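What follows is the residue order along each chain.
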Amino acid sequence: MAELRIGIVGCAGRMGRMLVKTIAETDGAVVAGGTERAGSEHVGADLGTLAGLPALNVAAGDDADLLFAGVDAVLDFTTPKASLAHAKLAARHHKVHIVGTTGMGADDVAALRRAAADTAIVFAPNMSLGVNLLLALAEQAARALGDDWDIEIVEMHHRMKVDAPSGTALGLGRAAAKGRGVDLDEVAVRSRDGVTGARKPGTIGFATLRGGDVVGEHHMLFASAGERIELNHIATDRAIFARGAVRAALWAKGKPAGLYSMKDVLGL
Ligand code: NAD
């Protein structure tokens, strides 16, 4: 079978470089191109060199339209604004689009869904197998435990992360809210400060920690009178997200148009 030709938008970013390395190590996939934002000092650089590998003789460009035209699938860990523009290109060129960008609001996800009417898009704020299993467990636990169990989600990431709470923490909150049959937006308490009053029953609380080079930690607590359950996921290597994204691209090739999640990819 022909190798899947994969492009990477944001190829000089932390995830972009890891994606190049992961594709280079994956049978059945080849690094076919990459872009950076216009004006980036990395435009023109070799993707292999950027990723700390021998040169791949593939240079970073700044024309996403050209990239989408020339590859089978595009991996996208950039910014919400850039990912939405890329989704339109994916739809126009009927190419697989794997979106790992976080910080997407409900309107952004709706725009992704519109683009997915014309092509297969996989969107997951966290591409790791462990976190996607945790999402399933969170929903199950929230369904089994009543409202008298308080749900709190604590996350920690590296000091460079720009959005909070993390996309994964919000995803865990949504999974728990679904288990309880409620809408997260109506029960979420995203931060606390000062005299907040007693905890309101049924709410789902979030706490955010930032520091150092932490790849990603999520702690989900179900607390009741006299007992507590904790479900934790600790990521120590960014490669888990890159491997998930490449797996999603290989899975999505030839799938009907639609917006898919990692749950679909992993068959959870
Ligand atoms: P980063 O800032 O290191 O990299 C982003 C790159 O995208 C930068 O190099 C930037 O120049 C580039 N970029 C921005 N706009 C662009 C455009 N229009 N065209 C081409 N390139 C563009 O950030 P990062 O740590 O690599 O994370 C990127 C995103 O991925 C964040 O939203 C982060 O939260 C998310 N993330 C998701 C997962 C997951 O599993 N889904 C895992 C890790 C990070």
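Starting afresh in each chain, residues are numbered from 1 along the sequence in its written order. Since the coordinates come from a predicted model, pLDDT governs what is reported: local features require at least 70, and pairs of side-chain atoms require 80 or more to be given and counted, while whole-chain, interface and lining totals use all residues. Here the side-chain values reflect all heavy atoms present in the structure, with hydrogen atoms and water set aside.

Bringing the sheet that holds strand β5 (residues 96-99) into the picture now. A strand pair is defined by DSSP finding two or more bridges across the two strands. Numbering of helices and strands runs from the N terminus, with a helix taken as a DSSP run of H or I at least four residues long and a strand as a DSSP run of E at least two residues long. Reading across the sheet, the seven strands line up as β3-β2-β1-β4-β5-β6-β12 and stay open at both edges, with parallel pairing between neighbours. The sheet is open, and its two edges are formed by β3 (60-61) and β12 (258-260), each paired on a single side. The contact rule is simple, with two residues in contact once any of their heavy atoms fall within 4.5 Å. To obtain each axis, a line is fitted to C-alpha atoms, and for helices this fit is confined to the stretch in contact; angles are then taken between N-to-C directions over 0 to 180 degrees. Across the sheet, helix α5 (residues 106-115) touches β5, β6 (120-123) and β12, and the angle it forms with β6 is around 155 degrees. Sitting on the sheet, helix α9 (residues 239-252) touches β1 (4-9), β4 (73-76), β5, β6 and β12, and the angle it makes with β5 is about 155 degrees.

Turning next to the domain arrangement of the protein. Taken domain by domain, the protein consists of domain 1 (4-123 + 238-266) and domain 2 (129-235). Domain extents, as shown, originate in an automatic or database domain assignment. Taken over C-alpha atoms, the centre of domain 1 sits 28 Å from the centre of domain 2. Between domain 1 and domain 2, the residue contacts involve nine residues of the former and 11 residues of the latter. Throughout, buried area stands for the accessible area (probe radius 1.4 Å) lost by two parts on being put together, summed over both. In total, about 810 Å² of surface goes out of reach between domain 1 and domain 2, with carbon and sulfur atoms giving 59% of it. When the shortest N-O distance is used, the salt bridge between E139 and K263 registers 4.0 Å. What makes a salt bridge here is a side-chain nitrogen of Lys or Arg within 4 Å of a carboxyl oxygen of Asp or Glu, nothing more.

Before going further, it helps to spend a moment on the site of the ligand. A single heavy atom is enough: if one lies within 4 Å of a molecule or strand, its residue is considered near that molecule or strand. Lining the immediate surroundings of the ligand are 21 residues, of which R14, M15, E36, T102 and M127 lie closest. We define a polar contact as two N or O atoms separated by no more than 3.5 Å, with the added condition that, inside protein, one atom must be a possible hydrogen donor and the other a possible acceptor, whereas residues neighbouring each other in sequence contribute only through side-chain atom pairs. In the environment of the ligand, an oxygen atom lies 3.3 Å from a nitrogen or oxygen atom belonging to the backbone of G13. At a separation of 3.2 Å, an oxygen atom of the ligand approaches a polar side-chain atom of K161. We get accessible surface area from the Shrake-Rupley algorithm with a probe of 1.4 Å; when it comes to residues, only the shown protein chains can shield them. Coverage of the ligand by the protein amounts to 80% of the 860 Å² it exposes when considered alone. Every element with two or more residues in the shell around the ligand is listed here: α1 (14-24) and α4 (80-93). Each residue is assigned to one of three groups, with Ala, Val, Leu, Ile, Met, Phe, Trp, Tyr, Cys and Pro labelled nonpolar, Asp, Glu, Lys and Arg labelled charged, and all others, Gly among them, labelled polar. Taken together, the residues of the shell around the ligand sort by class into eight nonpolar, nine polar and four charged.

Okay, the pairing of β6 next. The cut-offs for exposure are 20% and 50% of the maximum accessible area for each residue type, with area from a 1.4 Å probe on protein chains only; residues under the lower value are buried, those over the upper are exposed, and the others partly exposed. The side-chain alternation of β6 yields two buried faces, one formed by A120 and V122 and the other by I121 and F123. Two elements, β5 and β6, share three bridges in a ladder whose sense is parallel. Across the sheet, the residue bridging to H97 is I121, located in β6. Look down the strands so they point away from you; if the path from the first strand over the helix to the second goes clockwise, the crossover is right-handed. Crossover connection from β5 via α5 to parallel β6: handedness right-handed. In terms of strand pairing, β6 meets β12 through three bridges, oriented parallel. For I121, the partnering residue across the bridge sits in β12 and is L259.

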